[in-house]
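Topology and contacts: notes
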Amino acid sequence: MQSETAASGAPAAGGAPEEPVTRRPAGVFGRVLGLSLLVAGVAGVIYFLAVRDLSTYGAPIAVSWLILAAGYAASELTVVHIEFRRDAHSVSLNEIPLVLALVFASPGHLIVAHLVGAGAVLVLHRRQAVLKLVFNLSHFALEDCVAIVVFHALVGGAVRLGPSLWIAAVVATIAAATVSVVTVSVVIWVHQNRVSVGQLRAVVGVALVGALFNACVGLVAVIVLWADAGGSVLLVAIGAILCVAYRAYASLRQRHASLELLYQFTQAVRGSGNAEQIVTDVLAQARQMVRAEIAELAILPTGGNQGIDWLVLDGDSDVPTRTLEPSLHPSLAALVEGGRPVVGSKSVRDPRIRAHLAQRGHRDCIVAPLVADDQLIGILTVANRLGDVSTFDEQDGRLFETIAAHTSVTLQNARLVDRLRHEALHDNLTGLPNRVLFQQRLADLLARRRPTDPQIAVMLIDLDRFKEINDTLGHATGDLLLQEVAARLRRGVAERVTVARLGGDEFALLDPAQHGLEGAVALARSLREDLHRPFAYQDLELEVSATIGVSIAPSHGRDASTLLRRADVAMYAAKNTAAGVAAYGETLDEHSPRKLALVGELRSVIDHEGLELHYQPKVEMATGRVIGVEALVRWHHPVEGPVPPDEFVPIAERTGLIGPMTDFVLRTALAQCRRWGEAGQHLSVAVNLSARSLLDADLVDDIARALTVSGVEASKLVLEITETSVMSDAEYAMHVLNRLSSMGVTLAMDDFGTGYSSLSYLKRLPVDEVKIDKSFVLNMQQDENDAVIVRSIIDLAGNLGLRVVAEGVETMSTWEALRDMGCDIAQGYVISRPLPADQLGAWLETVTPTPLVIAR
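So, here's what we can say about the structure. As the structure is a computational prediction, the values presented were derived from the model and not from experiment.

**A short note on the overall build of the protein**
- Each helix and strand in the protein was counted, giving 29 helices and 27 strands.
- The contacts in the protein between residues at least 6 apart in sequence include a share of 67% that link residues at least 24 apart.
- Carbon and sulfur atoms provide 57% of the accessible area of the protein, an area that totals close to 39100 Å².

Have a look at this one:
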């Protein structure tokens, strides 16, 4: 009885451990050799002390040791393999010749017959290594000696057919099987430094049951031969039939087990979550199904990848080792040229297979190409069939071919799924994570964050002037610009930082380890400076700038949506600053408790006309005559006090209240303009229009109605629009402005020089005047660049026939400089601060037109 345990590197029961060609644990050879010599020594001691002088008499016939040796050889050649998963048991019939030898031969002939017959098979057929051969012959001798001693102790020297003989033969056979189990277990322990209890239980069960069965068959043969020696012919025929039938049954069981394993393989692989897990499952299942020590998978490169991804699952490891090989070894490439699996058994003679086995250091192997869409995508290999008496055969090859086919489909599907998953979570143009993946990573970081961890910074980046470049040079140029922006952002941050494209010209950064708001703002400024460097495109240098808003967790929020919204609030606030970078603050956010309260109160104030207008006069610089005023809305909160326009006007724009507010300002300003006219003060009144108001489909009709109700001439109404509001939808804005101009309304371009470079639109727009932004006017005495800009605007407007209004005139020197440049109209604190209507009326009564009118 032989039993193999197929755990990697484990010895076969009934044999010394089969050493993998690729490695031999240090000291194992010496320990196994020492154990073999010890077993041989014990056998020798038992032989000389208890076996040598024993003799058997009483049997009607004597069987030659040569015949018994042939029987032992036949029993070793007719091994039946019972395999399942990673365990296998090889059932030989050597207990049958043992029983015959105990009854019909002398003890010496029994031992010699066993060693010669079984040894010849081990050497000539199985080609066992010397170490294993020594161990096997040693424990065969020990088994035989123990069986002889037990048998003679029960029957004595006289052999008589009957129950006592049967019992003695069975007990002796079981004793021999027990010795085999013990010696094999010891060699497993020597080889692995451990013995699995489950493994030992399986070996003992199969060994004892097999020994009992074979002993019974041997006793039947004894009874037949005792009665008539000629019955041996009949016994041989029956034995051959039983052997063939048993092999057929075992083969059927094996096919059934293979189908079950194949089903489990498909279930395991189908349940894998990603390509990495699929590869691990494929290697583990393939190795288990064909009882191999090693499973290897070579994945050929796809797309822009380079090299062969080589994965090896070896020994007891559950995780494959991974290396990147530059190319396939010629010996392996030669095996897959035919497109079919190649089986290389231990006795294979094919030089291609022998070359591959030598190159990889394997005993035997099966190699199968993985093909998808008629292309080789990989190679699956198993090597070193576990066990002493078995090797890979054609049946294994057919099973492995099915495994390879399933693997090909699974890997191809996994690649497709991974590609689709990647595309679903990444921006196709830049390869950066998209909004979905960015939010997932942010949510994961927030969920895992501990109180002692660094702060998490979120930045939203909006590119300025990108739309102009995209519209002027085309989408292809815009795409190249976005790709270069993505590359600069990646180069400008640490590896831990996630850079994402949220859509259009909006990017985002996620830094999981920022130490404070100051560090995050400093990083944002550095990135903005990097993006401000010109981008080379053909012979052009393209310039864009960026606006960046910053929020951090947990200070500004503890969930992803809050942090993103507040970074967005900060980004829009940054658009109104020269630095272009802003961190979130509650004062910026209309969703803060204070802002939410202001929204409700602002709605009520507008409905009840609780706002008031202040008016700032505009003076003609050549004559000193007050020619008009600008209406500026004010809100005096009963609790908060004066609320700055920069705070409540953006709230009105974002909440849809800008329409009712603009209507209130128009009606109130025009009514006041009429009253001044009736009092002899014929002034124009300027009202600011927001981008949202300019896009209001009812704007023109509302203005016409307000003029009609007030009775003010259309030319006395000046509507101030910004470059940004016009460029948000230039064509529609131009349509609206043309209608207003045809009504006689005066149009002014406000904050000129701070928005888009819209000179081409300025020629086409029906504007009557331009207002120089006060940021240039305030600094023109200190900054020569601002002075140059102011002069250029005045010259440009003069050439286009437009009046020029300078706002923010606060000193006499500025007044004089503007007058010398040819500016038409001035507005600012050097003349008067904004005043309520009654105070301005009183001021107007005291003003005498002079080249410089100053409020005292």
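Past the structure itself, the notes keep going.
**Points about the packing of aromatic side chains**
- Applying the stated criterion to the full structure yields four aromatic pairs.
- Pairing Tyr-47 with Phe-48 gives two aromatic rings, centres 5.4 Å apart and planes at 80 degrees, and the pair type is edge-to-face.
- Given a relative accessible area of 25%, Tyr-47 falls into the partly exposed group.
- Ring centres of Tyr-615 and Trp-676 lie 5.0 Å apart, and the angle between their planes is 80 degrees; this geometry places the pair in the edge-to-face category. One end of the pair, Tyr-615, is in strand β18 (residues 612-620); the other, Trp-676, is in helix α20 (residues 658-678), and 61 residues separate them in sequence.
- Positioned over the ring face of Phe-535 is Arg-488, at 3.7 Å from the centre of the ring.

**Here's the deal with a nonpolar patch on the surface**
- A cluster of nonpolar side chains, namely Phe-29, Leu-33 and Leu-37, defines an oily patch on the protein surface of about 260 Å² accessible area.
- Relative to the elements of secondary structure, Leu-37 occurs in helix α1 (residues 28-51).
- Here Leu-37 falls in the exposed class, since its relative accessible area comes to 53%.

**As for helix α24 (residues 730-742)**
- Over its 13 residues, α24 extends 18 Å from the first C-alpha to the last, a length consistent with the 18 Å expected when each residue adds 1.5 Å.
- Regarding α24, the residues found buried are Ala-730, Ala-733, Met-734, Val-736, Leu-737 and Leu-740. The buried residues of α24 occupy an angular sector of 165 degrees when projected down its axis, which confines them to one face. The outward face of α24, more than 90 degrees from its buried face, is lined by the exposed residues Glu-731 and Ser-742.

Conventions and cut-offs
- Residues numbered from 1 in each chain as written.
- Predicted model: local features only at pLDDT ≥ 70, side-chain atom pairs only at ≥ 80, totals over all residues.
- Heavy atoms only, no water.
- Helix = DSSP H or I, 4+ residues; strand = E, 2+ residues; numbered from the N terminus.
- Contact = heavy atoms within 4.5 Å.
- Areas by Shrake-Rupley, 256 points an atom, 1.4 Å probe, with all protein chains shown as cover.
- Phe/Tyr/Trp six-rings, centres within 6.5 Å; stacked < 30°, edge-to-face > 60°.
- Buried < 20%, exposed > 50% of the residue type's maximum accessible area, 1.4 Å probe, protein only.
- Lys NZ or Arg CZ within 6 Å of the ring centre and 35° of its normal.
- Patch = residues over 30% accessible without salt bridge, like charges linked within 9 Å, V, L, I, M, F, W, Y side chains within 5 Å.
- Salt bridge = Lys/Arg side-chain N within 4 Å of Asp/Glu carboxyl O.
- Expected span 1.5 Å × (residues − 1).
- Arc of directions from axis to C-beta.

Just distances and angles here, no functional claims.
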